[in-house]
2 protein chains.
Amino acid sequence: MAAALRLADERGLENVTVENISEAADVSPRTFFNYFATKDDALLGGPLPHGPSMRDRLLAVPADVPLVPALLEAISADIAEIQRERDFWLLRLRVIRSNPSLLPVLVARGECAEQETVVAVAARTGLPTGDLFPQLAATLVGAAFRTAMMRWATAGDGRDLYDLVREAFGVLATGLATSAPTHEDIR
Amino acid sequence: MAAALRLADERGLENVTVENISEAADVSPRTFFNYFATKDDALLGGPLPHGPSMRDRLLAVPADVPLVPALLEAISADIAEIQRERDFWLLRLRVIRSNPSLLPVLVARGECAEQETVVAVAARTGLPTGDLFPQLAATLVGAAFRTAMMRWATAGDGRDLYDLVREAFGVLATGLATSAPTHEDIR
DNA sequence: TAAAAGTTTGCAGCCGCTGCAAACCTGGCC
DNA sequence: GGCCAGGTTTGCAGCGGCTGCAAACTTTTA
């Protein structure tokens, strides 16, 4: 993974072949594919920082906490983990940013987490899994998290990732309508 | 596109080669690639129903309309277009559903529209393009729209796509916190 | 020290995708 | 009809991603 990221960062993803990567990592190309199903996987396919299931984590939050803060709480361990490997993730996100074709792959990776979130939200709200709300909530949470992460990686200000996610989740909680108040605040 | 969709629907995407598709469409494989950059493109890559830019459409909505309804208004033409080609889109979405690898591709397709939405929201709210809010709003709108579409394609009830999108946008407007009221409503 | 179990590698081969140049239309003009 | 200019379609050669299989190698265990 390190070799793949370094090369992709240096010369751009399309100028890096699996042969290059495996050569830099001192293994045969065949071995590369023993560990990664895809070239892209070498860039994004690290083991997800996942302990207990989303469902369990979300239900572990006291029932009187509203949904969005509960979701934030449920993923806070992941956020901390990302910040612990800050440099690694910043490199990874820079590579994603400069190779837009990877963004969908990132989305795909988030998808299994998203499926878990559907179940988790359904469990917590008591709605059926097939309902619009849990599905919508899950994709929105995923989208908000991704946006916050990209922003964290891009913005020069050394803002805390947790802060950015909390801000994004704040918008999620109160809705787009009320959370563009900068407009009126300015007057 | 029709041949590709039919074959993918019949036997699953991984069992369909470009050669199969081009054969079914009575052209050479090389010609296939003159029209589609990618095999997936033949499934999702139809011309996007896009007239004027998102920015112009959004600014065309009277200024006193709140953001979310304005966004809904701005994309209503696209929604109508999709419903006009109902059968085609239902087939397309069924294929996407049964070939999860296509979902990220769908996201990628929406991305250029999303970039436009960032600009549009920034223009309408007066915030800078680089701000968190326009970016967040754009991804959330995209995610909500996609979720509504998948639901429209899946649910047996013949609900209007416009209705579903409006419901999803409603959640977006009022926030996740307040829009799972089913919970309290039941009591 | 030898067998068992696991890892790495080479090889052959399919498929997606591309650049290039030849073949083939098509419509307009003498 | 014959010819030319434009565009479209095709074949071909070739790269790179990816896979199944079986041989070579390494490590563990008894």
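Quick caveat: nothing in here was measured; it's all calculated off a predicted structure.

Examining the domain arrangement of chain A
Residue and element names in this part refer to chain A.
Next, step 1: The domain architecture assigned to chain A consists of domain 1 (2–39) and domain 2 (47–176).
Next, step 2: Each of domain 1 and domain 2 was reduced to a C-alpha centroid, and the two centroids are 28 Å apart.
Next, step 3: At the interface, six residues of domain 1 touch eight residues of domain 2.
Next, step 4: Taking both partners together, domain 1 and domain 2 bury about 550 Å²; carbon and sulfur atoms supply 67% of that area.
Next, step 5: Considering only the surface of domain 1 that becomes buried against domain 2, Leu-5, Asp-9 and Leu-13 emerge as the three largest contributors, covering 84% of it.
Next, step 6: For the pair domain 1 and domain 2, the interface holds one salt bridge.
Next, step 7: Between Arg-94 and Asp-9 there is a salt bridge; the shortest N-O distance is 2.7 Å.

Looking at the relation of the copies chain B and chain A
Next, step 1: At an RMSD of 0.1 Å, chain B and chain A line up after a rotation of 180° and a shift of 0.0 Å along the axis. What we have between these two chains is a two-fold relation. Rotation axis and chain B: the residue whose C-alpha lies nearest the axis is Gly175(B), separated from it by 1.8 Å.
Next, step 2: By residue overlap, the copies meet face to face through one surface: 97% of the interface positions of chain B are interface positions in chain A.

Description of the pattern of salt bridges
Residue and element names in this part refer to chain B.
Next, step 1: By the definition in use, this model includes 18 salt bridges over all chains.
Next, step 2: Residue Arg-55 pairs with Asp-56 through a salt bridge whose shortest N-O separation is 4.0 Å.
Next, step 3: For Arg-55, a relative accessible area of 37% puts it in the partly exposed group.

A word on helix α1 (residues 2–11) of chain B
All names here are of chain B.
Next, step 1: All buried positions along α1 are accounted for by Ala-3, Ala-4, Leu-5, Leu-7 and Ala-8.
Next, step 2: Contacts from the buried residues of α1 go to α2 (18–24), α4 (41–44) and α7 (86–98).
Next, step 3: Gly-12 sits one or two positions beyond α1 and adopts a positive phi of about 90°.

Some thoughts on the protein's contact with DNA strand D
Next, step 1: Not every one of the 14 residues close to DNA strand D is listed here, only the nearest: Arg30(A), Lys39(A), Thr31(B), Asn34(B) and Tyr35(B).
Next, step 2: Arg30(A) has a polar side-chain atom sitting 2.5 Å from a base oxygen of DNA strand D.
Next, step 3: Between a phosphate oxygen of DNA strand D and a main-chain N or O atom of Ser28(B), the distance comes to 3.0 Å.
Next, step 4: Where the surface near DNA strand D is concerned, the elements lending two or more residues are α3 (29–35) of chain A together with α3 (29–35) of chain B.
Next, step 5: The residue makeup of the surface near DNA strand D, split by class, is six nonpolar, five polar and three charged.

Some remarks on the packing of helix α8 (residues 102–125) of chain A against helix α9 (residues 132–154) of chain A
The angle between the axes and the distance between the axes are what describe a pair of packed helices.
Residue and element names in this part refer to chain A.
Next, step 1: Direction vectors running N to C along α8 and α9 enclose 135°, while the axes themselves pass 8 Å from each other. Classified by the angle between their axes, α8 and α9 sit oblique to one another. Classified by chirality, the crossing of α9 by α8 is right-handed. Taking contact as the criterion, the partners of Leu-106, Val-107, Glu-114, Thr-117, Val-118, Val-121, Ala-122 and Thr-125 in α8 are, on α9, Phe-133, Pro-134, Gln-135, Ala-137, Ala-138, Thr-139, Gly-142 and Arg-146.
Next, step 2: Within the contact of α8 with α9, the residues separate by chemical class into nine nonpolar, five polar and two charged.

Description of the protein's contact with DNA strand C
Next, step 1: The full set close to DNA strand C counts 14 residues, and Thr31(A), Asn34(A), Tyr35(A), Arg30(B) and Lys39(B) are the nearest of them.
Next, step 2: Backbone atoms, meaning sugar and phosphate, form 59% of the atoms of DNA strand C found within 4 Å of the protein.
Next, step 3: In the model, a phosphate oxygen of DNA strand C is placed 2.9 Å from a nitrogen or oxygen of the Ser28(A) main chain.
Next, step 4: Within the contact set of DNA strand C, a phosphate oxygen lies 2.5 Å away from a side-chain nitrogen or oxygen of Tyr35(A).
Next, step 5: For the surface near DNA strand C, the secondary-structure elements that each account for two or more residues are α3 of chain A together with α3 of chain B.

Conventions used here
- Residues numbered from 1 in each chain as written.
- Chains lettered and ligands numbered in written order.
- Predicted model: local features only at pLDDT ≥ 70, side-chain atom pairs only at ≥ 80, totals over all residues.
- Heavy atoms only, no water.
- Domains from an automatic or database assignment.
- Contact = heavy atoms within 4.5 Å.
- Buried area = accessible area lost by both parts, 1.4 Å probe.
- Salt bridge = Lys/Arg side-chain N within 4 Å of Asp/Glu carboxyl O.
- Least-squares fit on C-alpha atoms with pLDDT ≥ 70 in both.
- Buried < 20%, exposed > 50% of the residue type's maximum accessible area, 1.4 Å probe, protein only.
- Helix = DSSP H or I, 4+ residues; strand = E, 2+ residues; numbered from the N terminus.
- Near = heavy atom within 4 Å.
- Polar contact = N/O pair within 3.5 Å; in protein donor to acceptor, adjacent residues only side chain to side chain.
- Nonpolar A, V, L, I, M, F, W, Y, C, P; charged D, E, K, R; others polar.
- Axes fitted to C-alpha atoms, helices over the stretch in contact; angles between N-to-C directions.
- Parallel < 35°, antiparallel > 145°, perpendicular 65-115°, else oblique.
- Left-handed = near helix turned anticlockwise from the far one by under 90°.

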